[in-house]
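Close look at the chain arrangement
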Amino acid sequence: MLIDTHCHLDFKDFASDRQEVIKRSRAEGVGLMINVGSSLEGTLSSIEIAEKNEFIYAAAGIHPHDADNVSEADLEVLKKCFEREKVVAVGEIGLDYYRNISSKDGQKRLFTKLLDEAKARDLPVIIHNRDAHQDTLAILKDVMGGTVKGVMHCFSGDRAFLENCLGMGLFVSFTCNLTFKNADRLREIAGLVPIEMLLLETDAPFLAPQVFRGRRNEPSYVRYLAEEIARIKGLSFDQVADGTTNNAKKLFGL
Ligand code: NI
């Protein structure tokens, strides 16, 4: 069994065939999925999807892109979401200095606030970080101390950043972009992550594997990622499946 720890089935890309996609993913061996909220609206839809499907869980969060537009009332609604039964994590939250859709100050403020909420509830965090390694680490240390219960999603850093993340106890996840032809550097980094600290994710509808590159991604394609990791690490497919499944169960309490 595989676990897709990060997908966005609430996106409009799945509006016409969501239940078929879910069914296909189950048939392809994806036993559990975490649908990750990336806006308040997305969080509410994620919870709805999770409540309809026994084997889907939800994460509640607001993406850094929305940071400048979040009101106090929004945060109150989000806080209520953390109490819902199917919500297993706070995320995705973090910093995105690549697109900089919200101001850096706004992003840092929201990230700090939501980390505080996660800490108060002892919920794991799903962290989005693009081109913001130093600030991400600084805020994590500041709010969480030396140890963080969570995952660095869609890992994109270098070796030094990886060592910092692992040093804080963070899990690391890669998406199907690990299968891209030009992803040699990322494959090198993935090879350095102990299997005990790895999670699988598709980030669907984004980042379909090389064989379907440019098309819509979906949770059933997570097996292409597991195959790639098995190749990189010289493990069997089952070792990758069992290892990452155990890690996800442990981190998210599934
Ligand atoms: Ni995502």
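These remarks concern the structure in this document. (Residues numbered from 1 in each chain as written. Predicted model: local features only at pLDDT ≥ 70, side-chain atom pairs only at ≥ 80, totals over all residues. Heavy atoms only, no water.)

1. Regarding the packing of helix α4 (residues 104-121) against helix α5 (residues 133-144)
At a closest axis distance of 10 Å, the pairing of α4 and α5 adopts a crossing angle of 40°. For α4 against α5, the interelement crossing comes out right-handed. From α4, Lys108, Phe111, Thr112, Leu115, Asp116 and Lys119 reach across to α5, where they touch Asp135, Thr136, Ile139, Leu140, Val143 and Met144. The class makeup of the residues in the contact of α4 with α5 is six nonpolar, two polar and four charged. (Axes fitted to C-alpha atoms, helices over the stretch in contact; angles between N-to-C directions. Helix = DSSP H or I, 4+ residues; strand = E, 2+ residues; numbered from the N terminus. Left-handed = near helix turned anticlockwise from the far one by under 90°. Contact = heavy atoms within 4.5 Å. Nonpolar A, V, L, I, M, F, W, Y, C, P; charged D, E, K, R; others polar.)

2. Re the sheet that holds strand β6 (residues 150-152)
Across the sheet, eight strands lie side by side as β1-β2-β3-β4-β5-β6-β7-β8; this open sheet has parallel pairing. Each edge of the sheet is formed by a strand with only one pairing partner; in this case those strands are β1 (2-7) and β8 (198-200). Averaged over all pairs of adjacent strands, the angle between their axes in this sheet comes to 30°, without regard to strand direction. Summarising the sheet, strand β5 (residues 125-130) and β6 pair through three bridges and their orientation is parallel. Note that in β6 the partner of Ile126 across the bridge is Val151. Taken strand by strand, helix α2 (residues 40-52) contacts β2 (30-36), β3 (56-60) and β4 (87-96), and its axis lies near 160° from that of β3. (Pairing = 2+ DSSP bridges.)

3. Re the coordination of the nickel ion
Coordination of the nickel ion by the protein is provided by His6 (NE2), His8 (NE2), Glu92 (OE) and Asp203 (OD), with metal-donor distances spanning 2.2 to 2.3 Å. Geometry at the nickel ion is irregular, judged from the four donor atoms that bind it and their angles of 83 to 171° at the metal. On the primary sequence, the residues serving as donors to the nickel ion are separated as H-x1-H-x83-E-x110-D. (Donors = N, O, S within 2.8 Å, 3.2 Å for Na, K, Ca; no water. Tetrahedral: all angles 85-135°; square planar, octahedral: opposite > 155°, others 65-115°.)

4. A closer look at the packing of aromatic side chains
Summed over the entire model, instances satisfying the criterion amount to six aromatic pairs. Arranged with centres 5.6 Å apart and planes meeting at 85°, the rings of Phe11 and Phe206 form a pair that is edge-to-face. Linking Phe11 in the loop between β1 and α1 (18-27) with Phe206 in the loop between β8 and α8 (222-233), this pair joins segments that are 195 residues apart in sequence. Each residue in the set Phe155, Phe161 and Phe174 is aromatic and connected to the rest through ring pairs, giving one cluster. (Phe/Tyr/Trp six-rings, centres within 6.5 Å; stacked < 30°, edge-to-face > 60°.)

5. Let's talk about the pattern of salt bridges
Following the criterion strictly, the structure yields 16 salt bridges and no others. Notably, a salt bridge pairs Glu72 with Lys113, separated by 3.4 Å at the nearest N-O pair. Placement of Glu72 in helix α3 (residues 72-82) and of Lys113 in helix α4 is noted, with a sequence separation of 41 residues between them. In this structure Lys113 comes out as partly exposed when scored by relative accessible area, which is 36%. Each of Glu76, Lys79, Glu83, Glu117 and Arg121 takes part in a single network of salt bridges with overlapping partners. (Salt bridge = Lys/Arg side-chain N within 4 Å of Asp/Glu carboxyl O. Buried < 20%, exposed > 50% of the residue type's maximum accessible area, 1.4 Å probe, protein only.)

6. A few points about the environment of Tyr224
Here Tyr224 shows up in helix α8. The spacing of Tyr224 and Gly150 is 74 residues in sequence and 24 Å in space, taken between C-alpha atoms. When neighbours within four sequence positions are excluded, Tyr224 is seen to be in contact with Thr179, Pro209, Val211 and Phe212.

Bear in mind that shape data such as this cannot, by itself, settle questions of function.
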